[in-house]
Structure formats: C-alpha cells, structure tokens
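So you can see what is in the structure, the chains are spelled out below.
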Amino acid sequence: MDRQNVVTALETALTDVLERPVTGLTGDVKLFDDLHLDSTTMLEMLMALEDSIGLVVDPEDLDADDFVSVDTFTDFVLATRPEQVAA
C-alpha cells in the first residue's frame, strides 16, 4: 500500500462518514480544522478503514499528533501496516 492508496481510502471513508463527497485531499488538509471531524467521526473513519483496507489499530497506539493532517494520518497508517508499504 502506498501513500496515494491510503489517501484514496481515506477519501472514501470520509465520504461515507461525513455523508458528503470528500475528494482531492492534499497532505496539508487538517482533519479536525478543515474537515470538521470530531472524536466520534474520527472513530467512525477508523472503523471504515478497518473494513476497507484492513487497518488494525490498538487504542494504546493512538496519538493526537497522528490525526493532525492528511499527511500525519497517512504516515500513521503506513507505519501501522509496514508489511503493506510499497518500496
């Protein structure tokens, strides 16, 4: 899985969770400030990604810094699934 695959999966999950189209995300988009996510929608997004890309997250591994922007979240996903990262 590469960065673009993660962003595409994130756009799909956010579209479902927010019930509005979310496309064209760039790395600097702030998840809470720009997309107006809250803790509930963030958990729904994580569950959607669990279903779509098999993301498995241990609650103890969660850190607020991982959810600042599309880039920080993408880094988090890729670090969580290192065996899936394209070289």
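Computed from a predicted model, the values in this text were never measured in an experiment.

Definitions and limits used
Residues numbered from 1 in each chain as written. Predicted model: local features only at pLDDT ≥ 70, side-chain atom pairs only at ≥ 80, totals over all residues. Heavy atoms only, no water. Helix = DSSP H or I, 4+ residues; strand = E, 2+ residues; numbered from the N terminus. Rg over C-alpha atoms; globule rule 2.2 N^0.38 Å. Buried < 20%, exposed > 50% of the residue type's maximum accessible area, 1.4 Å probe, protein only. 1 Å grid on protein atoms, 1.4 Å probe; cavity = no way out; pocket = protein on both sides within 12 Å on 5 of 7 lines; lining within 4 Å. Points joined across faces, edges and corners; volume = space filled by probe spheres on them. Nonpolar A, V, L, I, M, F, W, Y, C, P; charged D, E, K, R; others polar. Salt bridge = Lys/Arg side-chain N within 4 Å of Asp/Glu carboxyl O.

Visitor: How would you sum up the overall build of the protein? Please name residues and give values.
Guide: In terms of helices and strands, the protein carries three helices and zero strands. Sequence-ordered secondary structure for the protein, helices as α and strands as β, is α-α-α. The C-alpha atoms of the protein give a radius of gyration of 12 Å, which matches the 12 Å a tight globule of 87 residues would have. Along the three orthogonal principal directions, the C-alpha set of the protein runs to about 30 × 30 × 25 Å. Across the 87 residues in the protein, those meeting the buried criterion constitute 38%.

Visitor: Provide a residue-level description of the layout of surface pockets, including the pertinent values.
Guide: The computed volume of the largest pocket comes to approximately 150 Å³. Together, Leu43, Leu46, Met47, Glu50, Leu55, Val57, Asp58, Pro59 and Leu62 line the largest pocket. Tallied by class, the residues present in the lining of the largest pocket amount to seven nonpolar, no polar and two charged.

Visitor: Report on the environment of aspartate 75, specifying residues and quantitative values.
Guide: Along the polypeptide, aspartate 75 turns up in helix H3 (residues 70-80). Distance in space between the C-alpha atoms of aspartate 75 and arginine 3 is 8.1 Å, their sequence separation being 72 residues.

Visitor: Could you give an account of unusual backbone geometry, with specific residues and numbers?
Guide: The phi angle at glutamate 19 is positive, at roughly 55 degrees, despite the residue not being glycine. One non-glycine residue, histidine 36, lies in positive phi territory at about 60 degrees. Tracing the sequence through the fold places histidine 36 in the loop between helix H1 (3-18) and helix H2 (39-53). According to the relative accessible area criterion, histidine 36 is exposed, its value standing at 61%.

Visitor: Can you break down the pattern of salt bridges residue by residue, with the values?
Guide: One pass over the structure, following the stated rule, counts two salt bridges. As a salt-bridge pair, aspartate 71 and arginine 3 come within 3.3 Å of each other at their nearest N and O atoms. Note that aspartate 71 is positioned in helix H3 and arginine 3 in helix H1, a separation of 68 residues in sequence. Arginine 3 serves as the salt-bridge partner of aspartate 75, at 2.6 Å between the closest nitrogen and oxygen. A residue pair is termed long-range when its members are at least 10 positions apart, and aspartate 75 in helix H3 and arginine 3 in helix H1 qualify at 72 residues. One network of salt bridges, with partners in common, ties together Arg3, Asp71 and Asp75.

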